[in-house]
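In case you want the letters, here they are:
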Amino acid sequence: MLELRRLTKYFGGVRAVDGVDLTVAEGEILGLIGPNGSGKSTIINLICGLFPLTDGEVVFRGTDISTLPPHERVALGIARTFQNIRLFGQLTVWQNLWVAQKARGQGRGFLRGWLGGSRHDRVAIDKTLDFFDLGHKRDELAGNLAFGEQRRLEFARAFAAKPSLLLLDEPAAGMNAEEIDQLDARIRQLRREGVTIVLIEHHVELVMSVTDRIAVLNFGQKIAEGTPAEIQTNPLVREAYLGTQTAA
Amino acid sequence: MDFYLGLVQIIGVHTLLGLSAYCVLLTGQVSLAQAGFFAVGAYVAGMLTVLGGWPLIPALAVASLAAGIVACAVGFPALRVKGLMLVVATTAFGEAVRLFFFNFTYQLERGELRIGPHGGEGFRQIRYFPENGWSTLDVMLFIWVVVIAVMAALWWMDRSRIGAVLRAVGEDELAAQSSGINVTAVKVSAMTIGGLIAGLGGGLFAHYTTHIEHVQFGVVLATFAVAYPILGGLSNVFGTLIAVIFIQGFLIEGLRFMGDWRNLLFGGLIVLAMIVRPRGLIDAGTLVALKRLLRRGERAGA
Amino acid sequence: MLDLIDALQSVADGVLFGATYALLGIGFTLIFGVMHKINLSYAAASIGAAYASLLLLAGVKAPPVLVFLMAAACGGVIGALVYFVAFRFIPLANPLATLMSTVGLLLLIDEIVVHATAGVPLNYPALFSDVVIRAGAFNLRGDLMFVFALGCVAMVLLWALLYRTRLGIATRAVSQQPVAAQLCGISIDGVNILTFVITGVLGGLAGAMTGAAIGVLSPLLSLPLTVKGLIVTVIGGLGSIPGAIVAGLLVGGIENVVQFFRGVSERDLYVMMLLFAFLVFRPGGLFAPAAGRD
């Protein structure tokens, strides 16, 4: 579904991402892990088109989208969350989803999507909010939510764009055990609905339990790829990533 | 009585000016070009009724459209820059428009009179209202019909998805882009809508003052245009209206009895207002609190 | 031939007067560098400082040099006041609020000046106004030369302060990494006040230089100076001090030569066009700082 070919990004002299090849299959959950500064978030930003590529290609469903602006990639079905939460703080919870909701249809339907939103659209937003357990907060300003709720709202807003590929950038950061369990359940539920997910996460248990496949990055390069079990026993990964944990 | 009607006219036209800046501010852009669009509207409308002999309403429509087109054209290059750069770019554009009219002369012979814009002396004799027998009251009512129509349209826009999208761009461009919004298109649209409204206001202004000249459209007017919505708050259109009444009605006219001291108080009160209410007199929090209050009232009533 | 000499003469006069624009540009740039905020009251405060120096020394027959130094000192004090009134108590996350509060302060300062002087323009003392240096076919006006020299001295002192003292290092640290600077024990509040005092001193000098070059002070000067100062800041590149200097001299020279050829009514129109040209072809300004991560 998504194919990264020799993906490369330099910031000045720093090789943030250096020739990464990666394929994400339809319907799978891919974990993307690696030490801090290994280029995970940069890859997400490149897939979304927030930075221009230095070299390589981003191919989505067989077409090269490397030069498309971010909003057109969202229209194709790629949505994301941010590691440092970026909500529209002065909008209500409900409006945050409304902004992201894909304006569907042509002609009158399109116009209605912009002006009022059809009954169907409104119900869809309410449903999404309920799924993320935010229904009771719908008229609250997003900026006034508690931290965990803001994380859920980020996730909900990304989901409201009706993506077929969802990029989650550390969705569990700062969450407690109970919230992480809920997150785990939601990710599984979305997969059952056919959403493909790329998950960046430092929380090892979550990654190991929920992903089908894991790619490991270090210094901007992919050093390993495989099932969670394979990754856990891979000596290279131990050295680069898990190794630093055992040492500490 | 005419004094008060005149004041109400000024408040109406300045509300339009403030609303034009409001649209742009929603997307997080500070534009000091609004006085320039206002000037374009004023000169175009004046020239159409005086030199072209057009009726007022089509002249206003064309003036508004002209200012909108100019705003759209300025929007594309200007909105590539942000923050201070945009403030300076739009200030410079507004000044360029003013200086253009300072050097702009286009006069026609009418009997023994020469009419039309005349460079630094300005554009006199925009006498559509007196020539067609409109009283001050008629003019005032007409201006307010326009103001109310614009406010209603913006109020409705604010509550539609368009409003949410404009505000989303203002809050966080990156997140808005990542939510599938074409940020450039949204910003240029906001600028165009602002231009349309400013042009309308300028057209009305030219006709009730009957005499326009370049100095009226300087940096001060541009600053007032953004001051109204910032002072009033960006949560809805009434903030701008309240700020216009506060500044034009209270600070400028209401405090006239204080003589010189009024002007001192004027700047000071703006500073104070920003310290006490940095998000404006009416902010989004106020609205949510109000809503909650209303809902509690309903529940208590039921 | 005479035309060419006159034109070059007007460029020279303009470049000399451009030193005031350069100082104002430096002031805007410094405040932007440290706080990432625009201080729209800056030019008004500069004119205000020049006025204050005249009023404070009204009783004594002070030599012009003393008036200039007084203007610089008043500028520093007013700078600190500006910080406390329009910046200190407004949340940093709210750029619109500070923008507006500095506009309010601009109006307030102008009105205080009008109030204190009954709106009458005051004569400002100039040094060497009777001296004319002849260089070949050119005449260099003594008062403009002095203004230019004063501007250069101020810039050299500023450079020494920023790059050769601990205070300067702290200021630059805050502008580059506010959080890290705080962790190193630098008080952000202190650096902010210091920046406003330094820029205030520069502004006071610029105000005095304007007064000396034009011969009179009027509150009507503050808006055009605000616009010119901002233009210089953008043309020079936001945050770049050398850029502000070069852009200041450039704008001064160009506006004078345009005035010579096209008359005073079209002068500023061409300055605006220069700015647009920069925004379209070189939006980073003359000396754009190196591009960051994005």
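Please refer to the structure higher up on the page.
Residues numbered from 1 in each chain as written. Chains lettered and ligands numbered in written order. Predicted model: local features only at pLDDT ≥ 70, side-chain atom pairs only at ≥ 80, totals over all residues.

Participant: Can you explain the overall build of chain A? Please cite residues and give values.
Facilitator: Each helix and strand counted, chain A has 10 helices and 10 strands in total. Computed over the C-alpha atoms, the radius of gyration of chain A is 18 Å, within 12% of the 18 Å expected from 2.2 N^0.38 for a compact globule of 248 residues. By its C-alpha atoms, chain A is 55 × 40 × 35 Å across when sized along the principal axes. Counting contacts in chain A only where the partners sit at least 6 residues apart, residues at least 24 apart contribute 66% of the total. (Helix = DSSP H or I, 4+ residues; strand = E, 2+ residues; numbered from the N terminus. Rg over C-alpha atoms; globule rule 2.2 N^0.38 Å. Contact = placed C-beta atoms within 7 Å.)

Participant: Describe the nonpolar core, listing the residues and the values that go with them.
Facilitator: Counting residues in each nonpolar core, the largest one holds 268 residues, and the members touching the most others are Phe38(B), Ala71(C), Met100(C), Val147(C), Leu205(C) and Ile231(C). Sort the elements by how many residues they give to this core and helix α1 (residues 2-35) of chain C lands first, with 15 residues. Setting aside its immediate chain neighbours within four residues, Val147(C) contacts Leu16(C), Phe17(C), Ala19(C), Thr20(C), Met209(C), Ala212(C) and Ala213(C). (Core = buried A, V, L, I, M, F, W, Y, C linked by C-beta atoms within 7 Å. Buried ≥ 20, exposed ≤ 12 C-beta atoms within 10 Å, placed from the backbone.)

Participant: Outline the sheet that holds strand β5 (residues 63-64) of chain A, listing residues and values.
Facilitator: Residue and element names in this part refer to chain A. Ordered by their spatial adjacency, four strands build an open sheet running β2-β1-β4-β5, and the pairing between neighbours is antiparallel. Each edge of the sheet is formed by a strand with only one pairing partner; in this case those strands are β2 (14-24) and β5. The sheet contact formed by strand β1 (residues 2-11) and strand β4 (residues 55-60) spans five bridges and is antiparallel. Within the sheet, the bridge partner assigned to Leu4 lies in β4 and is Val58. Packed on one face of the sheet, helix α1 (residues 40-48) meets β1, β2 and β4 and runs near 65 degrees to β2. (Pairing = 2+ DSSP bridges. Axes fitted to C-alpha atoms, helices over the stretch in contact; angles between N-to-C directions.)

Participant: Can you tell me about the pairing of strand β9 (residues 213-218) of chain A, naming the residues and giving the values?
Facilitator: All names here are of chain A. Pairing of strand β3 (residues 29-33) with β9, which is carried by four bridges, proceeds in the parallel orientation. The partner of Leu32 across the bridge, within β9, is Ala215. Connecting β9 to the next strand, strand β10 (residues 221-226), in antiparallel fashion are two residues, including Phe219 with a positive phi near 50 degrees.

Participant: Just give me the short version of the interface of chain B and chain C, but keep the residues and values in it.
Facilitator: Facing 35 residues of chain B, the contacting portion of chain C comprises 37 residues. Broken down by secondary-structure element, the contributors of at least two residues to the side of chain B that touches chain C are α4 (83-102), α10 (219-232) and α12 (260-276) of chain B. Take the side of chain B that touches chain C: its biggest share by element is 12 residues, from α4(B).

Participant: Describe in detail the sheet that holds strand β8 (residues 196-200) of chain A, supporting the description with residues and values.
Facilitator: Residue and element names in this part refer to chain A. Strand order across the open sheet formed by six strands is β6-β7-β8-β3-β9-β10, with mixed pairing between neighbours. The strands lining the two open edges of the sheet, one partner per strand, are β6 (78-80) and β10. For this sheet the average axis-to-axis angle between neighbouring strands, irrespective of direction, equals 20 degrees. The strands that α1 touches are β3, β6, β7 (165-169), β8 and β9; relative to β7, the one it contacts most, it runs at about 145 degrees. The strands touched by helix α7 (residues 177-192) are β3, β7 and β8; relative to β8, the strand with the most contacts, the crossing angle is about 150 degrees.

Participant: Explain α7(A) to me, and be specific about the residues and the numbers.
Facilitator: Over its 16 residues, α7(A) runs 23 Å from end to end, which matches the ideal 22 Å to within 8%, given 1.5 Å per residue. Of the residues one or two after α7(A), Gly194(A) is the one with positive phi, at around 95 degrees. (Expected span 1.5 Å × (residues − 1).)

Participant: An account of the environment of Arg138(A) is needed here, citing residue identities and associated values.
Facilitator: Residues and elements named next belong to chain A. Inspection of the secondary structure puts Arg138 in the loop between α5 (119-131) and α6 (147-160). Sequence separation between Arg138 and Asp18 is 120 residues; the distance between their C-alpha atoms is 43 Å. Contact partners of Arg138, with chain neighbours within four places excluded, come to Thr92, Val93, Trp94 and Leu129.

Participant: Give a detailed account of the packing of helix α5 (residues 142-164) of chain C against helix α8 (residues 188-214) of chain C, specifying residues and quantitative values.
Facilitator: All names here are of chain C. Running from N to C, α5 and α8 cross one another at 170 degrees; their axes reach a closest spacing of 9 Å. Between α5 and α8, the angle falls in the class roughly antiparallel. Between α5 and α8, the contacting residues are Asp143, Leu144, Val147, Leu150, Gly151, Ala154 and Leu158 on the first element and Leu202, Leu205, Met209, Ala212 and Ala213 on the second. The class makeup of the residues in the contact of α5 with α8 is 10 nonpolar, one polar and one charged. (Parallel < 35°, antiparallel > 145°, perpendicular 65-115°, else oblique. Nonpolar A, V, L, I, M, F, W, Y, C, P; charged D, E, K, R; others polar.)

Participant: Kindly report on unusual backbone geometry, identifying the contributing residues and their values.
Facilitator: Comment: phi is negative for the bulk of residues other than glycine, and the bulk of peptide bonds are trans. Unlike most non-glycine residues, Lys162(A) shows phi in positive territory, near 50 degrees. Looking at the element boundaries, Lys162(A) is found in the loop between α6 and β7. In this structure, Gln125(B) is a non-glycine residue whose phi angle is positive, near 60 degrees. By secondary structure assignment, the location of Gln125(B) is in the loop between β2 (113-115) and α5 (128-131). By C-beta crowding, Gln125(B) is classed as partly exposed, having 15 other C-beta atoms within 10 Å.

Participant: Give a description of the pairing of β1(A) that names residues and reports values.
Facilitator: All names here are of chain A. Pairing between β1 and β2: seven bridges, direction antiparallel. Of the residues in β2, the one forming a bridge with Leu4 is Leu22. In textbook terms, the turn of a hairpin is the stretch between consecutive antiparallel strands, and for β1 and β2 this stretch comprises two residues, one of which, Gly12, has a positive phi near 60 degrees.

Participant: Hey, could you go over helix α1 (residues 2-26) of chain B for me, with residue numbers and the actual values?
Facilitator: Residues and elements named next belong to chain B. Its 25 residues place the ends of α1 36 Å apart at the C-alpha level, agreeing with the 36 Å of an ideal helix rising 1.5 Å per residue. The element α1 is extensively covered by neighbouring structure, given that 18 of its 25 residues are classed as buried. Gly28 sits one or two positions beyond α1 and adopts a positive phi of about 85 degrees.

These values are about where atoms sit, not about what they do.
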